[in-house]
Amino acid sequence: MKRYFNEIIAMTTRLLIEILRMRRGLIFWVVFPTLMLLLFGFIYAGGNSTTKSFDATAPGILIGAALFFSCLGGPVTLIVAERERRTLRRLLVSPLKPISYFFGIVTTYLIIAFGQSVIVYGIAFIFGGRFHGSLLLGLLIIVLSVFSFVGAGFYFGARFTRRTEDVNGPVAAFGVPLLVLGGTFFPVSILPPFLLKLAYIDPIFHMNQALKGVSALGKGAGDIFIHLIALGIFTVLSLFLGAQSYKSMLHQEKKGSI
Amino acid sequence: MIKVHDLVKSFGNKIVLDKLSFTINHHVIYGLLGPNGSGKTTTINILCNLLEADEGKILIKGNPLSEKTKHLIGFVPQEISVYHELTCKENLLFFSSIYGLQGSEKIKRTNELIQMFNLNEYENVKVTKLSGGWLRRINIAVALVHSPSILILDEPTAGLDVEARYEIWELINTLKDNGVGILLTTHQLEEAERLCSCIGILKKGCIVAEGSLDELRLLVPAIQLALIASEDEQSLRNRAKSLGWEYRRYGDRLMLLMPERYTLKEVVYKFENIQLSSISLQDVGLEQIYLEVTRE
């Protein structure tokens, strides 16, 4: 157990150093949600008090503009970089366990998610927004969302991307429509009924609805039960898909060239 | 220390390794040479426990190759596969942790490697800022964090200038002197000639020649070689035949295998009346041995 713990710490430390040194990505992960929050916060305020609009926009922005890009796009980029630099092969030769590798990545993005949550809610707080529900429940939703995004990131990274140039394609093609459908930038109440039905199979919809319910409306676990269950299912599914794709990628990497 | 015995590996119908056997001991640099597709990479992958052999066995210090014996092997890939955003020291610390070193032991080993590889000046420099020779150094150093008994070096000096290449050779020799058994694959025959105490030449998945350079020289039926070019190659061949000398065609020149030593003047005299455009004499080296044993 201690060995796994040490490996996870080593992976997390390494990733955090790398992320902190590659400032461009880090700045994007801070600037983009900040700007989106300010923009949508003021748009929905419509010139009136910003209290309610920042209450309502902060959760969606955190999920869609912050966690989506860092916790899904980040692992995709990371896996591609490991393959391109051939460091993945070196890690395969080492005694590092794949589970430690995965949890090292999850821990890193949980730390980043925590930082992004503080920034998004810090800015919302300045403009009158508040977290109305249980912080613990909010934390659970964020943790499940991070696991779900990282699992999906592993899936896309291992399955669809071989080079750095391939990263933006799948993230944009699959991710952005899911963000829009999931009510990240617009309330889902404006969706036509058939799109609303479709939204129920969009994990981002459930992340948004769960976090909005707790954060903006002060709902409890019972009120958002359906979203929590859906989020749980998506998390398990994305972790399963991610693990399977990762295993098949490792198999390919192990084979190498003849 | 590492004994590879009758290794067989196929991919579909293609037999890549066909009863491959060799042994590497302490203080030995074993050069595994062979043309592309001869099975070098597959051999490395099996030794690194990345691939499973279909048949045969590998013993490391008497124990079968397994996850448990992984720590006895260090692998240096051809590509610079370290983390470019980390410093040299950070890379060493990371890989030390991955190999289970902790606390003072980790720091001690990292500092030892920094000293051994002369990385003091660059220990806090990001890898991305290093030049070719230093990149190769850190690439090798991270493979040694766990003090392996066997080090696998895949083309360790590919793409380096002469000076950097000599420095890496010196390092490899130091490692050998420290007791590490080294498996070296390279396409640079000069490198193998300079470093390896034993050379195995791989062809179609099995060793077709093995031994020290002097032992391998015996495989070429010549004491000395003459490389000759002429517009009238047919006459050259006929004359060589009449002298009882074997010949090989390499590129645009004919290589004559001479059974005894001659001076240049004597060889020119033997080919009088044939217009020669170039002629040179040389001793049998690894290049000729390699070409001789790998030719179809």
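Computed from a predicted structure; not experimentally measured. (Residues numbered from 1 in each chain as written. Chains lettered and ligands numbered in written order. Predicted model: local features only at pLDDT ≥ 70, side-chain atom pairs only at ≥ 80, totals over all residues. Heavy atoms only, no water.)

Asker: How should I be thinking about the overall build of chain B in this particular structure?
Answerer: Scanning chain B from N- to C-terminus turns up 10 helices and 14 strands. With the C-alpha coordinates aligned to their principal axes, the bounding extent of chain B is approximately 75 × 45 × 30 Å. Expressed as a percentage of its 296 residues, the buried residues of chain B come to 54%. Considering only contacts within chain B whose residues lie at least 6 apart along the sequence, 70% involve residues at least 24 apart. Accessible area for chain B stands at about 13200 Å²; split by element, carbon and sulfur atoms hold 47% of it. Taking the average location of the 33 positive side-chain charges in chain B and that of its 38 negative ones, the two points are 3 Å from each other. (Helix = DSSP H or I, 4+ residues; strand = E, 2+ residues; numbered from the N terminus. Buried < 20%, exposed > 50% of the residue type's maximum accessible area, 1.4 Å probe, protein only. Contact = heavy atoms within 4.5 Å. Areas by Shrake-Rupley, 256 points an atom, 1.4 Å probe, with all protein chains shown as cover. Lys, Arg positive; Asp, Glu negative; His and termini not counted. Charge placed at Lys NZ, Arg CZ, Asp CG, Glu CD.)

Asker: What is the right way to look at the nonpolar core in this model?
Answerer: Proteins that are soluble and globular tend to have nonpolar side chains buried together. The biggest cluster of nonpolar side chains holds 155 residues, and the ones touching the most others in it are Y101 of chain A together with L151 of chain B. There are two domains that each give this core at least three residues, and those are domain 1 (2-211) and domain 2 (224-294) of chain B. If sequence neighbours within four positions are ignored, Y101 of chain A has contacts with M11, L78, E82, L88, L91, L96, F154 and Y246 of chain A. Core analysis: the second largest hydrophobic core is formed by 12 residues, A226, I228, A240 and L256 of chain B among them. (Core = buried A, V, L, I, M, F, W, Y, C linked by side-chain atoms within 4.5 Å. Domains from an automatic or database assignment.)

Asker: So what exactly am I meant to see when it comes to the interface of chain A and chain B here?
Answerer: Many structure descriptions define interface size as the accessible area lost when the parts assemble. The interface of chain A with chain B comprises 27 residues on the first partner and 33 residues on the second. Seen at the junction of chain A and chain B, the total is two salt bridges. Counting the contacts that link chain A with chain B gives 10 residue pairs in polar contact (both at pLDDT 80 or more). Going through the elements one at a time, α1 (2-21), α4 (87-93) and α10 (225-255) of chain A are the ones with two or more residues in the side of chain A that touches chain B. Broken down by element, the residue count for the side of chain A that touches chain B peaks at eight residues, all from α1 of chain A. (Salt bridge = Lys/Arg side-chain N within 4 Å of Asp/Glu carboxyl O. Polar contact = N/O pair within 3.5 Å; in protein donor to acceptor, adjacent residues only side chain to side chain.)

Asker: Which parts of the structure should I look at to understand the environment of K97 of chain A?
Answerer: Inspection of the secondary structure assignment puts K97 of chain A in the loop between α4 and α5 (98-126). Between the alpha carbons of K97 of chain A and L67 of chain A there is a distance of 26 Å; along the sequence they are 30 residues apart. Sequence-distant contacts of K97 of chain A, defined by excluding residues within four places in its chain, comprise R3, Y4 and E7 of chain A together with E67 of chain B.

Asker: Help me out: how do you make sense of helix α4 (residues 132-141) of chain B in this one?
Answerer: Three or four residues apart is the spacing at which side chains of an α-helix point the same way, because the helix has 3.6 residues per turn. Along α4 of chain B, eight of the 10 residues are buried, which leaves the element largely enclosed by surrounding structure. Looking at α4 of chain B, one finds that the buried residues are G133, L135, R136, R137, I138, N139, I140 and A141 of chain B.

Asker: Just checking my understanding: could you explain the sheet that holds strand β12 (residues 246-250) of chain B for this structure?
Answerer: Either a parallel or an antiparallel arrangement is found when strands of a sheet pair, and the pairing is made through backbone hydrogen bonds. Residues and elements named next belong to chain B. Across the sheet, four strands lie side by side as β12-β13-β11-β14; this open sheet has antiparallel pairing. One side of each edge strand has no neighbouring strand; the edge strands of this open sheet are β12 and β14 (276-283). Pairwise comparison of adjacent strand axes, ignoring direction, gives a mean angle of 25 degrees for this sheet. Where strand β11 (residues 224-230) and β14 come together, seven bridges link them in antiparallel fashion. Its bridge partner lying in β14, I228 is registered against I279. On top of the sheet, helix α8 (residues 233-243) reaches β11, β12, β13 (253-258) and β14; it is set at about 150 degrees to β12, its chief contact. This element, helix α10 (residues 286-294), spans β11, β12, β13 and β14 of the sheet and lies at about 95 degrees to β12. (Pairing = 2+ DSSP bridges. Axes fitted to C-alpha atoms, helices over the stretch in contact; angles between N-to-C directions.)

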